[in-house]
Amino acid sequence: MKLTLVCPDCAGRLPVDAAAAPETVRCGGCRREIPLAVSDNVRDDAEVDRCPVCEGSDFYIRKDFDPKLGLAVIVTGALISAGFYWFGMDLIAYGVLGLAALVDLIVYGRLGDLSVCYRCHAEFRGEYRRTAPIFDLHTADELELEWARRIGKR
Ligand SMILES: [Zn+2]
Ligand SMILES: [Zn+2]
């Protein structure tokens, strides 16, 4: 399982391999030491049961989507489409635009899911069994506030 931890101090993102996770990682941005408590299930890529950073057990699942990639497809489609439109071939122009939107949908649909920790926003990518529910705003508000208090941000 691959972890992407979020530094509590500077919000820097730290990639860590769960199978070879050290006991502490040092943030490359602010040099803060972050202790890790990696559970056996996380280490073995079996299940995300406990977050190694905040030790919480509340996660949600979301699509592993890179917004930049989606935007690139749409922008490229729009540019090509504008070219056809300029030469009076509007039907092809609309076709290209529709195709770009379709490609975007397919890319989005094929992406895997990842689990995210409600409290500290650590991300978990791997072959593990998905058990987390989808995002719930109310839960997120409560747990983020709890974590912010714990790390002294509020
Ligand atoms: Zn940091
Ligand atoms: Zn966490």
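Keep in mind that what you see is a predicted model, and the values were worked out from it rather than measured.

Parameters at a glance
Residues numbered from 1 in each chain as written. Chains lettered and ligands numbered in written order. Predicted model: local features only at pLDDT ≥ 70, side-chain atom pairs only at ≥ 80, totals over all residues. Domains from an automatic or database assignment. Pairing = 2+ DSSP bridges. Helix = DSSP H or I, 4+ residues; strand = E, 2+ residues; numbered from the N terminus. Buried ≥ 20, exposed ≤ 12 C-beta atoms within 10 Å, placed from the backbone. Contact = placed C-beta atoms within 7 Å. Axes fitted to C-alpha atoms, helices over the stretch in contact; angles between N-to-C directions. Parallel < 35°, antiparallel > 145°, perpendicular 65-115°, else oblique. Nonpolar A, V, L, I, M, F, W, Y, C, P; charged D, E, K, R; others polar.

Caption draft 1: Inspection of the domain arrangement of the chain at higher detail. Looking at the chain, the domain boundaries give domain 1 (2–63 + 113–150) and domain 2 (67–109). For domain 1 and domain 2, the distance between their C-alpha centroids amounts to 36 Å.

Caption draft 2: Representation of the pairing of strand E2 (residues 13–17) in the model. Alignment of strand E1 (residues 2–6) against E2, held across five bridges, turns out to be antiparallel. Across the sheet, the residue bridging to Leu3 is Val16, located in E2. The loop that links E1 with its antiparallel partner E2 comprises six residues; one of these, Ala11, has a positive phi angle of about 65°.

Caption draft 3: Representation of the environment of Tyr60 in the model. Positionally, Tyr60 belongs in strand E5 (residues 59–63). The class for Tyr60 is partly exposed, based on 16 C-beta atoms found within 10 Å. Placed 70 residues apart in sequence, Tyr60 and Arg130 show a C-alpha to C-alpha distance of 9.6 Å. With residues near it in sequence (within four places) discarded, Tyr60 still touches Val116, Tyr118, Ala132, Pro133, Ile134, Phe135 and Asp136.

Caption draft 4: The packing of helix H2 (residues 67–86) against helix H3 (residues 90–110), seen in detail. Where H2 contacts H3, the axes come no closer than 7 Å and their chain directions differ by 170°. Looking at the two axes, H2 sits roughly antiparallel to H3. Contacts between H2 and H3 pair Leu69, Gly70, Val73, Ile74, Thr76, Gly77, Ala78, Ile80, Ser81, Phe84 and Tyr85 from the former with Asp90, Ile92, Ala93, Val96, Leu97, Leu99, Ala100, Val103, Asp104, Val107 and Tyr108 from the latter. Class assignment of the residues belonging to the contact of H2 with H3 gives a composition of 16 nonpolar, four polar and two charged.

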